[in-house]
Amino acid sequence: MSLLLDAAGLAVRRGVITGPLAPLAGGLRTELAPLLEGRVEIPAEKALLSRTGGRCPRDGTYLGFDPLDARHRCVRCGLEVTGELHDRFRPYWYQLWLAERVVHAATLGVLLDDRACIGSATRLLEEYADRYLDYPNRDNVLGPSRPFFSTYLESIWLLQLSLALDLLESGGGAAAPGAVGAIVRERLIAPSAQLIASYDEGMSNRQVWNNAALIAAGSLLGRPRLVERAIEGSSGLLAHLERALLEDGSWYEGENYHLFAHRGLWYAVTIAERLGWALPVKLGARFDVGFASPFRTLLPDLTYPSRRDSQYAVSVRQPRFAESCELGLARREDARLVGMLARLYDPSVPRTDTGRAASTADVERNLPATGLTRADLSWRSLLFARAELPPLEPVPMQSDLLPGQGLGILRRDEGRVYVALDYGHSGGGHGHPDRLNVLLSDGATRWFDDPGTGSYVEESLHWYRSTLAHTAPIIDGRSQPRVHGELIAFDDARDASWIMAQASLAEDLTVSRAVVALDHYLVDTLGWSGDALVHDVALPFHGVHARALDGSALEATPAPIDGATGREDGFSFLRDTARLTVPSDGVLRIESASDTSAAANPLRGWLFLPPGSSCWSATAPGVPGGAPRPMILARATVRSGFIVGVWSWRGAVVSASSSGSSTRVVLRDGVQHVHDPGGSAWRITMMRGDDRRVIELGGWARNSTALTSSSSTDDFSVAEASAPLLRLPAHFVLGREHYRRSEQSWDEAGRPSASVSIEREPSADAVTFTIDVPHAHRRFVPIDAENPFDNEPMAINGDGVQLYVHAGEDRSGWLLVPIAGTEQVSVRAIEAWSGHGVVRAEWTALGDGYRVVARIALSPNLTELAADVIVNESSMDRVRRRGQLVMSGASEEFVYLRGDRHEPERLFRFSLAE
């Protein structure tokens, strides 16, 4: 049985691609010339992810990829670079590009009875089968893989090759690959599927692709249990549709991940339906709505908001977004998709390079916006797009609310003004701590913007993952906890729109934010109320300067800004910090910085702070690849209060004032607006002379669907348990049940082991940890070595120990690495555990291994402490660590992306009683 279309379906498509879609088929056929002429070769080396490989050293952007030109050149500045890390990164793109060409050739070969295409696809499948097991399964970043460095990439690659083989076999006649099919199954599909199935990523967008590949591979291999697991398993297709695709059809990790995950879901759903698996009606409808949901949040310039770990300002005018609309319309009617296609196929939009000739399967390579036609789509449209589209008319972009995602968009002035409040879903591992974040733009001018994320392996990742990088409230100088917010009100009227939401950002503190937007200004009110404790509440604004109400400069005293020291608290990234002298009335005049994006349309504001508030200025990182930008940070330390902002564009507002809960705005034409909040309602009184008009903005009628701050399905932290209290001295032998693996299992890694002894020194307030590692390569990486691969300490990739101790109020952690040729041990504090504890350590050789003895002084009168020990282990043929032995247990766990992070609730508790 074909995975995509049966014989009758293929026959119908032959008529379509020689008729209405002939330009698409012709373009794809022309782009196959390198394959048909034998000018491509399968890469011999495995891809390697590093901090510099594939990126421009000047601006950090991805280098251009040309499958026929191996030079590494920056598409932004033109710089050409060389080096092994760039060479090793290139196979990442090339393997995906080539796999996609194989399925292109198979599709065209079957539909057009094109023997050259069939021959090329068959030849490359056979060559891949011969080559696959030669790629080493090691030094991966996110799951086991042979050609790549992450499992999900291999899944995308395997999926393309599996579909190509299936199309060739389903096409019959000249397309049948004969004995090649058995070879490809045995040497490529079976071992790759086994590897992918060994690594389950739960509700991650990556697991979507693992499932799609396993459904396809399991079907081709005749393994129904593999297919069943990928569809009905705990992290299978149905679970993703139920738990990760929210009720409004949006993927919980945000727009960028929605688009990536939904494409994977499309493969899985399409193949599952062909195999006879009928989706539950509710889930099928949710999947279909998902084709339109990401387009609902577009900014006026048709770019996506850069929420969470997404790339910055990605334009929707790229082929894959048009194809998503086409594939959605192939399933059911949706006026929103038709309206979006009208915008994407607008003939007045200039055309640039669509990038299709160098496209890399389903892994995005974003390019500048371009005009599009149906001839720019991919092989999927050859098989599924409608022969003819309905009349294309753009649908006006209006205010919208995605209650599952927790994002409200207020659009004013026929969609030119865009205001959003990001309040709801935390977004899982790719989420940012930015509940109650506000975005504001007027046309192409962005003022309060979400910067998204640059590179996952650069230090800047931690800035973009801080609350401080957003226009969101910061409590007590730390990035927000991972919580969901709750919608209070949403209303969109002719004259004004508003949204209000709240989130519990501390144990006893609820913070709310109300945003009221009109065509030329908005009122932004941040309020908070605590129980007993007084909290420091801060609100950053990027790209602006603060002045006195009369426009004069404020006195600035250079001083550091107090804040938590964690990398993802963000304060360490600030430069030129200064304390500004706040006027006694707490009123500041705000002006946008005169950069290129806002010079022609500046933003002006009035900021009203509670008594005793402070304000700070600083230079902060800009958007990825952009220059640093000024910012201000307003701070108030009161049990309850408000920070009120009035923001005006196009010079609409001449003055603003605020007293109590009421805010008065005077417009340039003399009209006055008085804003009065009232719980889940908002009143605006508009006055011109004796004329008065009142606008009442109401509440949200669907509170039953609002998200609360309870734990979500995407939070995978280990549940805290009431651990028993152990007595000292204690001794632990670490083996199979304690091994946290990478590619190799405990047996395959040579059965690594260690022992840990913990004793209290009877004559002192101290505890001694003795860690014996009987067999090790003693590959000690200097603790301050630069890491060329990612933003974790390089020393975790060699032999050494991670020690975590929670004693009283102090929570400390250390990375301990012996120094070869001495008895000394290098010590590095682990960031999230950098308390006040002190450790002294030494080491000795122990047969083929080593012993580390670490002594920790304790505060007097402690009755218990909690501790855990992790032993890193590696081998000489690797650049990344092979695994870890975890004292508290790690059965079935994987080491990927853990760095030196560890969950406090996993520590064992020990009694310090005599």
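Residues numbered from 1 in each chain as written. Predicted model: local features only at pLDDT ≥ 70, side-chain atom pairs only at ≥ 80, totals over all residues. Heavy atoms only, no water.

1. With respect to the packing of helix α5 (residues 115–131) against helix α7 (residues 180–197)
For any two helices packed against each other, one specifies the inter-axial angle together with the distance between the axes.
So, step 1. Contact pair α5 / α7: the axes reach a minimum separation of 8 Å and the direction vectors enclose 35°. Judged by the twist between their axes, the crossing of α5 over α7 is left-handed. Between α5 and α7, the contacting residues are T122, L125, E126, Y128, A129 and D130 on the first element and V180, I183, V184, R187 and L188 on the second.
So, step 2. The class makeup of the residues in the contact of α5 with α7 is seven nonpolar, one polar and three charged. (Axes fitted to C-alpha atoms, helices over the stretch in contact; angles between N-to-C directions. Helix = DSSP H or I, 4+ residues; strand = E, 2+ residues; numbered from the N terminus. Left-handed = near helix turned anticlockwise from the far one by under 90°. Contact = heavy atoms within 4.5 Å. Nonpolar A, V, L, I, M, F, W, Y, C, P; charged D, E, K, R; others polar.)

2. A word on the packing of aromatic side chains
So, step 1. In the structure shown here, the tally under the stated rule is 34 aromatic pairs.
So, step 2. On the numbers, 5.2 Å between centres and 65° between planes, the contact of Y92 with F149 is edge-to-face. One end of the pair, Y92, is in helix α4 (residues 84–112); the other, F149, is in the loop between α5 and α6 (151–171), with 57 residues separating them in the sequence. Comparing Y92 with F149, the two get one shared label, buried. (Phe/Tyr/Trp six-rings, centres within 6.5 Å; stacked < 30°, edge-to-face > 60°. Buried < 20%, exposed > 50% of the residue type's maximum accessible area, 1.4 Å probe, protein only.)

3. Things to note about the sheet that holds strand β11 (residues 509–517)
As a general point, the strands of a sheet are linked pairwise by backbone hydrogen bonds and lie either parallel or antiparallel.
So, step 1. Read from one edge of the open sheet, eight strands run β9-β10-β11-β12-β21-β18-β17-β14, paired in antiparallel fashion. At either margin of the open sheet sits one strand with a lone partner, and together these are β9 (486–492) and β14 (544–547). Taken over all neighbouring pairs, the strand axes of this sheet differ in orientation by 15° on average, direction set aside.
So, step 2. Across six bridges, the pairing between strand β18 (residues 603–608) and strand β21 (residues 640–649) is antiparallel. Residue R604 lies in a different strand from β21, and its bridge partner there is S648. (Pairing = 2+ DSSP bridges.)

4. Topic: the layout of surface pockets
In this approach, a probe sized like a water molecule rolls over the atoms, and the result shows the empty space that is left.
So, step 1. If you add up the space inside the second largest pocket, you get close to 400 Å³.
So, step 2. Around the second largest pocket, the lining is made up of 19 residues, and of these N137, R146, L195, E743 and E748 lie nearest the centre.
So, step 3. Take the lining of the second largest pocket: its biggest share by element is three residues, from α7.
So, step 4. Of the residues belonging to the lining of the second largest pocket, the class tally is six nonpolar, five polar and eight charged. (1 Å grid on protein atoms, 1.4 Å probe; cavity = no way out; pocket = protein on both sides within 12 Å on 5 of 7 lines; lining within 4 Å. Points joined across faces, edges and corners; volume = space filled by probe spheres on them.)

5. Topic: the side chain of D442
So, step 1. With respect to the helices, strands and loops of the structure, D442 is situated in strand β6 (residues 437–442).
So, step 2. A distance of 2.7 Å separates a polar atom in the side chain of D442 from a polar atom in the side chain of R650.
So, step 3. Those residues in contact with D442, other than ones at most four positions away along the chain, are R416, V417, W447, N601, W649 and R650. (Polar contact = N/O pair within 3.5 Å; in protein donor to acceptor, adjacent residues only side chain to side chain.)

6. So, the side chain of D166
So, step 1. Following the sequence through the fold, D166 ends up in helix α6.
So, step 2. There is no salt bridge for the buried D166, and the closest opposite charge comes from R185, which lies 6.4 Å off by N-O distance.
So, step 3. Polar contacts involving the side chain of D166 include one to the side chain of S2, which spans 3.5 Å. (Lys, Arg positive; Asp, Glu negative; His and termini not counted. Salt bridge = Lys/Arg side-chain N within 4 Å of Asp/Glu carboxyl O.)

7. With respect to the confidence of the model for the protein chain
So, step 1. Residue-level pLDDT values for the protein chain average 93, and 96% of them are 70 or greater.
So, step 2. Within the model, pLDDT remains below 50 along residues 701–721, and this stretch shows 38 contacts once partners closer than five positions in the same chain are excluded. (pLDDT = per-residue confidence, 0-100.)

8. A few points about the pattern of salt bridges
So, step 1. Under the counting rule described, the total for this entry stands at 61 salt bridges.
So, step 2. For E100, the salt bridge goes to R101, with nearest N and O atoms at 3.0 Å. Both residues of the pair, E100 and R101, count as buried.
So, step 3. In this structure, the salt-bridge partner of R138 is D139, at a minimum N-O distance of 3.8 Å.
So, step 4. For D139, a relative accessible area of 12% gives the class buried.
So, step 5. Within the structure, one salt-bridge network assembled from shared partners comprises E255, R307, D422, D434 and R435.

9. A closer look at the environment of R225
So, step 1. Residue placement: R225 occurs in helix α9 (residues 224–232).
So, step 2. Owing to a relative accessible area of 74%, R225 belongs among the exposed residues under this scheme.

10. A few points about the packing of helix α8 (residues 205–221) against helix α11 (residues 255–274)
So, step 1. At their nearest, the axes of α8 and α11 sit 9 Å apart, and the two run at 20° to each other. When the axes of α8 and α11 are compared, the pair comes out roughly parallel. As α8 packs across α11, the resulting crossing turns out to be left-handed. Across the interface between the two elements, N205, V208, W209, A212, I215 and A216 from α8 touch Y257, F260, A261, R263, G264, L265, Y267, A268 and I271 from α11.
So, step 2. Its residues assigned to classes, the contact of α8 with α11 comprises 12 nonpolar, two polar and one charged. (Parallel < 35°, antiparallel > 145°, perpendicular 65-115°, else oblique.)

11. Examining the pairing of β14
So, step 1. Burial of β14 is one-sided: the residues V544 and A546 facing one way are buried, the residues H545 and R547 facing the other way are not.
So, step 2. As judged from the four bridges shared by β14 and strand β17 (residues 587–592), these two strands associate in the antiparallel manner. Directly across from A546, in β17, lies its bridge partner I590.

12. Concerning the state of the cysteines
So, step 1. This structure, assessed with the given rule, holds zero disulfides.
So, step 2. Distance from the sulfur of C74, which forms no disulfide, to the nearest cysteine sulfur (C56) is 3.6 Å.
So, step 3. Counting only cysteine sulfurs, C74 is the nearest neighbor of C77, a cysteine outside any disulfide, at a range of 3.6 Å.
So, step 4. Residue C77 is classed as partly exposed on the basis of its relative accessible area of 33%. (Disulfide = S-S within 2.5 Å.)

13. A look at the nonpolar core
So, step 1. Y92 and W157 are the most contacted members of the largest nonpolar core, which has 128 residues in total.
So, step 2. If we ignore the near neighbours within four places in the chain, the residues touching Y92 are A47, F148, F149, L153 and V363. (Core = buried A, V, L, I, M, F, W, Y, C linked by side-chain atoms within 4.5 Å.)

14. Thoughts on the pairing of strand β12 (residues 521–530)
So, step 1. In terms of burial, β12 is a largely internal element, nine of the 10 residues being buried.
So, step 2. Taken together, the nine bridges between β11 and β12 define a ladder with antiparallel strand orientation. By the bridge assignment for β12, L509 is matched with G530.
So, step 3. In this antiparallel pair of consecutive strands, β11 and β12, the connection spans three residues.
So, step 4. As paired elements, β12 and β21 share nine bridges and run antiparallel to each other.

15. Some points on the environment of D531
So, step 1. Tracing the sequence through the fold places D531 in the loop between β12 and β13 (536–542).
So, step 2. Overall, the relative accessible area of 62% leaves D531 in the exposed class.
So, step 3. Placed 214 residues apart in sequence, D531 and R317 show a C-alpha to C-alpha distance of 49 Å.
So, step 4. Ignoring anything within four residues of it in the chain, the contact list for D531 reads D508 and R639.

16. Some details on the sheet that holds strand β16 (residues 575–580)
So, step 1. One open sheet accounts for six strands, arranged β8-β13-β20-β19-β16-β15; its pairing is antiparallel. Among the strands making up the open sheet, the edge pair consists of β8 (474–475) and β15 (556–558).
So, step 2. In this sheet, β16 lies alongside β15 in antiparallel orientation, the contact comprising three bridges. Looking at β16, one finds that T557 is bridged to R579.

17. A look at the environment of P628
So, step 1. In this structure, P628 sits in the loop between β19 (614–620) and β20 (629–637).
So, step 2. Looking at P628, the relative accessible area reads 59%, which means it is exposed.
So, step 3. Taking the C-alpha atoms as reference points, P628 and L574, 54 residues apart in sequence, are found 9.7 Å from one another.
So, step 4. If near-sequence neighbours (up to four positions away) are discounted, P628 is found in contact with T619, A620, P621 and G622.

18. A short note on helix α14 (residues 335–344)
So, step 1. With seven of its 10 residues buried, α14 lies for the most part within the structure.
So, step 2. When α14 is considered as a whole, its buried residues turn out to be L337, V338, G339, M340, L341, A342 and L344.
So, step 3. The N-cap residue of α14 is D334: its side-chain oxygen and the backbone nitrogen of R336 are 2.9 Å apart.

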